[in-house]
Amino acid sequence: MNIEYFISKRLIFSKGKNDLFSKPITRITVSAVALSIAVMLISFSVLFGFKNEITNKIIAFNSHIQIKFNKSVTDNNSRIDLSKSLSDKIVAIPEVKNIYGVINDFGLIKTSNDFLGVNIKALDFSDESYSVHFNEYIIEGEISSNDKGILLSQATLNRLNLKVGDKINMYFPSMYNNQRSIPADNFYISGVYKTAMSDFDDKVVFVNAQQIRNFYNRRNKTIEGDSLFWNKNDFGLIEVSLHKFSEIEFVENVFNKSNEPFN
């Protein structure tokens, strides 16, 4: 016999002389416990919902795993040749969903009366697998896939008093090599995004990877000659998106054991 059920039944359905006092108290207690459990379930549902939404946003703007050429190299001339053979090897891992080449750099946006330091994230936006899940965060304009458009957050536009279509100057302190001035390139604002996550909205801008390569090549040719030429498959790192968050450790071990020239 279920002891808990037996005691509960006796308390609720007993017909003693004290029922007039005990039954209402018992029923109120049961109702209060039931209501508390319901509130807890709703709270956990909302919590896990927010957790999943935040996780999806982070993965959409970053990835589960990042592959870099060498952990000790930080200059913007280190790169990975994301050739078709390398891409096929990574995608062949069953747990891998998609991969994206990325070039990261730091920039200074300069307007007529203000400036702002930002993290530049350059991607190949002609890759539809990336654009599809990124598009839902664009609130105005569009991603530029083949020109010098730049995607800024709504927070950045408000701070710098800019709008879609405006031209901006982007300075690249990382490319400064004891020259007379910090190298700069110009872009136009092709779109606006919003994630409601300050780590992205306050810091990150997105541009087409080929435009960054073109800028690096123009600058490197002036300083070093053609020895540091960036090809169309060159990226600073590779972002790897997985089917499940729980598979990160396993896939990392696969990469660590790989004979490819990166770690």
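This text gives an overview of the structure that appears in the document. (Residues numbered from 1 in each chain as written. Predicted model: local features only at pLDDT ≥ 70, side-chain atom pairs only at ≥ 80, totals over all residues. Heavy atoms only, no water.)

At Asn161, a position not held by glycine, the phi torsion is positive, near 55°. Within the element layout of this structure, Asn161 appears in the loop between helix H5 (154-160) and strand S7 (167-171). For Ala196, which is not a glycine, the phi torsion comes out positive at approximately 65°. Mapped onto the fold, Ala196 is located in the loop between strand S8 (184-193) and helix H6 (198-201). Relative accessible area serves as the criterion here: at 64%, Ala196 is assigned to the exposed category. (Helix = DSSP H or I, 4+ residues; strand = E, 2+ residues; numbered from the N terminus. Buried < 20%, exposed > 50% of the residue type's maximum accessible area, 1.4 Å probe, protein only.)

All of the buried residues in helix H8 (residues 248-256) are Ile248, Val251 and Phe255. For H8, the buried positions fall inside an angular range of 75° around the axis, keeping them on one side. Residues of H8 that are exposed and angled more than 90 degrees away from the buried face: Glu249 and Asn256. Those residues of H8 that are buried lie in contact with strand S1 (65-68), helix H3 (84-91), strand S3 (96-110) and strand S11 (237-242). (Arc of directions from axis to C-beta. Contact = heavy atoms within 4.5 Å.)

Time to look at the side chain of Glu239. For Glu239, the location among the structural elements is in strand S11. Given a relative accessible area of 1%, Glu239 falls into the buried group. A distance of 3.4 Å separates the side chain of Glu239 from the side chain of Gln66, its partner in a polar contact. Not counting residues up to four positions away in its chain, the partners in contact with Glu239 are Phe61, Asn62, Ser63, Ile65, Gln66, Asn98, Ile99, Tyr100, Val102 and Lys121. (Polar contact = N/O pair within 3.5 Å; in protein donor to acceptor, adjacent residues only side chain to side chain.)

Time to look at the packing of aromatic side chains. Throughout the structure, instances matching the rule amount to four aromatic pairs. For the pair Tyr193 and Phe206, a centre-to-centre distance of 5.4 Å together with 80° between the ring planes defines the contact as edge-to-face. Note that Tyr193 is positioned in strand S8 and Phe206 in strand S9 (residues 204-208), a separation of 13 residues in sequence. As far as burial versus exposure is concerned, Tyr193 and Phe206 are alike and both buried. Members of the aromatic cluster, joined through ring pairs, are Phe172, Phe215, Tyr216 and Trp230. Over the face of the ring belonging to Phe235 we find Arg213, whose NZ or CZ atom lies 4.6 Å from the ring centre. (Phe/Tyr/Trp six-rings, centres within 6.5 Å; stacked < 30°, edge-to-face > 60°. Lys NZ or Arg CZ within 6 Å of the ring centre and 35° of its normal.)

Within the sequence span of H3, burial applies to Leu86, Ser87 and Ile90. Here the buried residues of H3 occupy an arc of 100° about the axis, which is enough to place them on one side. Away from its buried face, by an angle of more than 90 degrees, H3 presents the exposed residues Lys84 and Lys89. Next to the buried residues of H3 lie S1, strand S2 (80-81), S3, S11 and H8.

This paragraph deals with the pattern of salt bridges. Oppositely charged side chains can form a pair if their charged atoms are brought close together. Applying the stated criterion to the full structure yields six salt bridges. Across the pair Asp166 and Lys163 runs a salt bridge, and its minimum N-O distance is 3.1 Å. Overall, Asp166 belongs to the buried group, its relative accessible area being 18%. It is possible to trace a salt-bridge network through shared partners that takes in Lys148, Asp185 and Arg218. (Salt bridge = Lys/Arg side-chain N within 4 Å of Asp/Glu carboxyl O.)

Here we come to a nonpolar patch on the surface. Residues Val33, Ile37 and Leu41 make up a contiguous nonpolar surface patch of about 280 Å² in total accessible area. The topology assignment puts Val33 in helix H2 (residues 19-61). On the basis of relative accessible area, Val33 is assigned to the partly exposed category, the value being 45%. (Patch = residues over 30% accessible without salt bridge, like charges linked within 9 Å, V, L, I, M, F, W, Y side chains within 5 Å. Areas by Shrake-Rupley, 256 points an atom, 1.4 Å probe, with all protein chains shown as cover.)

Inspection of the sheet shows S3 paired to S11 by six bridges, in the antiparallel sense. Each residue of the ladder has a partner; that of Asn98, found in S11, is Ser241. Here S3 pairs with strand S4 (residues 115-123) via nine bridges, running antiparallel. What sits directly across from Gly107, in S4, is Val118. Taken together, S3 and the strand that follows it, S4, pair antiparallel across an intervening segment of four residues. Bridge analysis of S3 against S7 gives three bridges, and the strand direction is antiparallel. Looking at the pairing, Lys110 lines up with Asn169 of S7. (Pairing = 2+ DSSP bridges.)

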